[in-house]
Amino acid sequence: MAVNLLMAGVDEAGRGCLAGPVVAGAVILPEAYDLPYLTDSKKLSAARRERLAPAIKAQAIAWAVGMAWPVEIDRINILQATFAAMSRAVRALGVRPDMLRIDGNKCIPAAHLAIIDAPPPQEAIIGGDLSVPAISAASILAKTCRDKLMTIFARQFPGYGFAAHKGYGAKAHLAALRELGPCRLHRLTFRGVLPETARQMPLPGC
């Protein structure tokens with residue numbers, strides 16, 4: 001009798017932002033599911049992502065998100081922080097997957113997976129958010145979670161327009177940075193957040 005392996009798809013959202021956390025999603029889908037329009041979160045409207053997210057959570061065998069915040073991003077760099085967020089999402093699944101499929105061209109380094117008992121084998125898949133349903137689902141959960149956080153932060157840190165651009169380097173965001181300077185949500189090591197002569201200098205939070 002064939003045994004169905006539990007495969008977790010893993011993807012991130014917010015890696016290229018100037019502010020806010022990088023958020024990773026991990027999802028184990030059942031063999032049969034009903035998730036119309038499931039694809040890369042970037043290919044979907046915000047409204048469709050919001051409709052799919054609760055359906056994914058309801059139908060998944062397990063799902064979780066993990067985060068790395070700006071202080072950690074600035075300390076260890078965005079690539080390592082992304083791996084940290086991914087490993088936290090996998091650990092939070094509550095179910096041990098038999099395999100991980102990661103969107104992109106890099107697997108999670110062993111140093112990050114050390115927090116997981118008996119880390120499963122991995123496969124990195126370029127364009128996996130388009131071709132692997134579990135990765136698509138993970139991308140949607142990561143994106144919707146992060147967007148909600150940035151909308152909340154827009155009220156806590158007014159003036160930056162986080163609700164509109166979600167921390168990406170939009171013209172309005174860059175203009176706000178020139179006028180207001182960075183707040184505690186900003187990644188101080190990212191180009192555009194601080195003037196070039198001051199990028200490595202610590203600033204007080206908002």
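Anyway, here's the lowdown on the structure attached to this text.

In terms of helices and strands, the chain carries eight helices and five strands. The C-alpha radius of gyration computed for the chain amounts to 18 Å, which stays within 12% of the reference 17 Å derived for 206 residues, consistent with globular compactness. For the chain, the spread of C-alpha atoms along the three principal axes comes to 65 × 35 × 25 Å. A sequence separation of at least 24 residues applies to 64% of the contacts in the chain between residues at least 6 apart. Distance from the positive charge centre (24 side chains) to the negative charge centre (16 side chains) of the chain: 6 Å.

If you walk through the whole model with that rule in mind, you get three aromatic pairs. A ring pair is formed by W69 and F153, whose centres lie 5.9 Å apart and whose planes are at 75 degrees; its orientation type is edge-to-face. Pair noted here: W69 is in the loop between β3 (62-68) and α2 (70-76) and F153 is in helix α6 (residues 133-156), with a separation of 84 residues, a long-range link. In this structure W69 comes out as partly exposed when scored by relative accessible area, which is 34%. Measuring from centroid to centroid gives 5.4 Å for Y160 and F162, while their planes differ by 15 degrees, and the two rings are stacked. On the basis of relative accessible area, F162 is assigned to the buried category, the value being 0%. Each residue in the set W69, F153 and F157 is aromatic and connected to the rest through ring pairs, giving one cluster. The residue whose ring lies beneath R48 is Y37, and the NZ or CZ to ring-centre distance is 3.6 Å. For R187, the ring lying beneath its charged end belongs to F190, and the centroid distance is 5.2 Å.

Moving on: the sheet that holds strand β2 (residues 22-28). One open sheet accounts for five strands, arranged β3-β2-β1-β4-β5; its pairing is mixed. Of all strands in the sheet, those bounded by a partner on one side alone are β3 and β5 (122-125). Neighbour-to-neighbour, the strand axes of this sheet turn through a mean angle of 20 degrees, independent of strand direction. Here four bridges tie strand β1 (residues 7-13) to strand β4 (residues 99-103), and the two strands are oriented parallel to one another. Residue pairing across strands places G9 opposite R101, the latter belonging to β4. Its contacts with the sheet put α6 on β1, β2, β3 and β4, and the angle it makes with β1 is roughly 35 degrees.

Look at α6: 35 Å from first C-alpha to last across 24 residues, which is about the 34 Å you get at 1.5 Å a residue. In terms of residue burial, α6 counts as a mostly covered element, since 17 of its 24 residues are buried.

Remember that side chains alternate between the two faces of the sheet whenever the strand is regular. A one-sided burial pattern is seen for β3, the buried positions being A62, A64, G66 and A68 and the unburied ones W63, V65 and M67. As paired elements, β2 and β3 share seven bridges and run antiparallel to each other. Bridging across to β3, V27 finds its partner in W63.

The full count for this structure, using the stated rule, is seven salt bridges. Here K42 ties to D40 by a salt bridge, and the two come within 3.3 Å at their closest N and O atoms. A salt bridge links K148 to E50, with the nearest nitrogen and oxygen atoms 3.8 Å apart. One end of the pair, K148, is in helix α6; the other, E50, is in helix α1 (residues 46-59), and 98 residues separate them in sequence. K148 sits in the partly exposed class, given a relative accessible area of 45%. For E50, a relative accessible area of 35% translates into the label partly exposed.

Conventions adopted
Residues numbered from 1 in each chain as written. Predicted model: local features only at pLDDT ≥ 70, side-chain atom pairs only at ≥ 80, totals over all residues. Heavy atoms only, no water. Helix = DSSP H or I, 4+ residues; strand = E, 2+ residues; numbered from the N terminus. Rg over C-alpha atoms; globule rule 2.2 N^0.38 Å. Contact = heavy atoms within 4.5 Å. Lys, Arg positive; Asp, Glu negative; His and termini not counted. Charge placed at Lys NZ, Arg CZ, Asp CG, Glu CD. Phe/Tyr/Trp six-rings, centres within 6.5 Å; stacked < 30°, edge-to-face > 60°. Buried < 20%, exposed > 50% of the residue type's maximum accessible area, 1.4 Å probe, protein only. Lys NZ or Arg CZ within 6 Å of the ring centre and 35° of its normal. Pairing = 2+ DSSP bridges. Axes fitted to C-alpha atoms, helices over the stretch in contact; angles between N-to-C directions. Expected span 1.5 Å × (residues − 1). Salt bridge = Lys/Arg side-chain N within 4 Å of Asp/Glu carboxyl O.

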